[in-house]
Amino acid sequence: MELDAPLISNDAVVFGLLMTVLALVFTTSSSKSPFWVKFYRIVPSILLCYFIPALLNSFGVISGETSDLYKVASRYLLPASLVLLTLSIDFKGIIKLGPKALIMFLAGTLGIIIGGPLALLTVSTFHPDILGGAGPDEVWRGLATIAGSWIGGGANQTAMLEVFGASPSLFSQMIAVDVLVANVWMAVLLYWAAKPGIIDKIFKADSSAIHALQEKVENYRANLLKIPTMADTMKIFGIGFALTGFSHFIADIVAPYIGANYPQLSQYSLDSPFFWIVVIATTGGLILSFTKARELEGAGASRLGSVLLYVLVATIGMQMDLMAIFDSPILFLIGILWMIFHVLVMLIVAFLIKAPFFFVAVGSQANVGGAASAPIVASAFNPSLAPVGVLMAVLGYAVGTYGAYICGLLMQMVHG
C-alpha cells in the first residue's frame, strides 16, 4: 500500500531526484561498456525514465499525488517542447503519411467502445457480483468514466461522471484503474517503440513514408548542424517559452469565453485551457517551420525540446502507483481485459490494412493517453514525429464524449 506521507515531499528535492535519474539513464545508455550495451538492447532508455519514478512513487519515496511537478511539466515544459520539436517538421511529409494514421486512431476508439462491455461481460461470467451494486454504485457507471478518459481526456471523463452519476467512492477507484492500466500500457508501447521493425515485418507493413519523413528531417538537421552559441540556445528557449506564454494567454481568454457562452462545446474539451495550450503551441511551431526560425534546428532545437519532454516523461511516471492493484483487483482485471480488447482490435485492423506499428502505438496513445503522452510515444520512434501524436490526440478530444457515451450505454446493457 502507498505510504501516508512520502519520504521526500519537497518538490525541489523530488525534481533533483528525477533529474538525477534522467542523467544516470542517459549516461549509462550512451556508455560503451558491454554490460550497458546489452542492457539497453533489451530495455529502452525511455522506459527507464518512466518506470524508475513509478517505482519511487509506488514505494512511498516520492508522491505523484501531492507533487505539483506534473502540472508544471505538462503546462510549461510540454508546450515549449512541442514548439521546439515542430520547428523542423516537414508538414507536407506529415500529410503524406496518408489515411492509415486516421484509420488506426478510429480503430483504437472502436476498441475502447466495445472493449469495455466485453471486459465487463467476461468478468461477470466467473464473478457475477460485479454486476451488483445499486444506483450510483453500479460498476458500469464508474467504468463509463474510464471510457471518457481513454478516448478523450480529463474533460470527457468529467462529462461521463456527470452523465452517468457514479458515486465519489466508485469514481476514486476508477481513477486508480484508469491511471495504472493506461500507464502500464504506455510502458509496453515505449518498449516496442524501440523495435518497431519486428511487428512491421509480421504485418508486412509499408513504413516507407515514415522512414522517408524521418530521413528528410535528419538530413535537414545534418546540413544545418553547428556548435550552438549561448545566443542560439537562448533564442531557442526564448521562442519555445514565448510561444508557451502566448498559448497560456490565449487559452485564458478563449476557454472561459467558450465555457460561459457555448457550454455545449465543453463535450469537445473546447472549454479546457490545456486543450488550447497544446493546440496553439503545436500550431505556432508548425507556422515557424515555414520561416527562418527553422534553421535553429542546427543549433539543437529538437534536442532541447526532447530534454523538456523527458522531464515530462519522468513526472508522468511518478503518477503511477503499482500497489493500487491490491485495493480492488477485480476492477483492475476488468481494466486489463478492456485494454487487451482495445489492442486486439487495433492489431487486427493494422494487419488488414498493413499499417506500420507507429500508427498502432500513436493511435492507441492518442486515445488512451491524450495530448500529454501521445507525443512522447511518437517521439520514442523519432523526435521529428512528435507532432503526429498531438494531431491525433486532438481528434480524441473531439470524439471522446460520443464514444464514451455509447460505451457507457453498452455497459449498462451488460449490467442489465
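The notes below deal with the structure included here. (Residues numbered from 1 in each chain as written. Predicted model: local features only at pLDDT ≥ 70, side-chain atom pairs only at ≥ 80, totals over all residues. Heavy atoms only, no water.)

**Focus on helix H16 (residues 357-368)**
Spanning 12 residues, H16 covers 16 Å between terminal C-alpha atoms, matching the ideal 16 Å at 1.5 Å per step. The element H16 is extensively covered by neighbouring structure, given that 12 of its 12 residues are classed as buried. (Helix = DSSP H or I, 4+ residues; strand = E, 2+ residues; numbered from the N terminus. Expected span 1.5 Å × (residues − 1). Buried < 20%, exposed > 50% of the residue type's maximum accessible area, 1.4 Å probe, protein only.)

**As for the pattern of salt bridges**
Counted by the stated rule, this structure contains 2 salt bridges. Where Arg 141 meets Glu 138, a salt bridge forms, and the shortest distance between an N and an O atom there is 3.1 Å. The partner of Lys 226 in a salt bridge is Asp 232, and the shortest N-O contact between them spans 3.1 Å. (Salt bridge = Lys/Arg side-chain N within 4 Å of Asp/Glu carboxyl O.)

**Some details on the environment of Leu 333**
The residue Leu 333 is located in helix H15 (residues 329-353) in this model. Measuring from C-alpha to C-alpha, the distance between Leu 333 and Leu 120 comes to 9.5 Å, with 213 residues separating the pair along the chain.

**Quick look at the packing of aromatic side chains**
With the rule as written, the count across this model stands at 17 aromatic pairs. Aromatic side chains Trp 36 and Phe 39 sit 5.5 Å apart centroid to centroid with 90 degrees between the ring planes, which places their arrangement in the edge-to-face category. With Trp 36 and Phe 39 both in helix H2 (residues 34-42) and 3 residues apart, the pair spans about one turn of that helix. Seen in terms of ring centroids, Phe 358 and Phe 359 are 5.6 Å apart; in terms of plane orientation they differ by 55 degrees. Their pairing is tilted. Side by side, Phe 358 and Phe 359 carry an identical accessibility label, which is buried. Aromatic rings pair up to connect Phe 35, Trp 36, Phe 39 and Tyr 40 into one cluster. (Phe/Tyr/Trp six-rings, centres within 6.5 Å; stacked < 30°, edge-to-face > 60°.)

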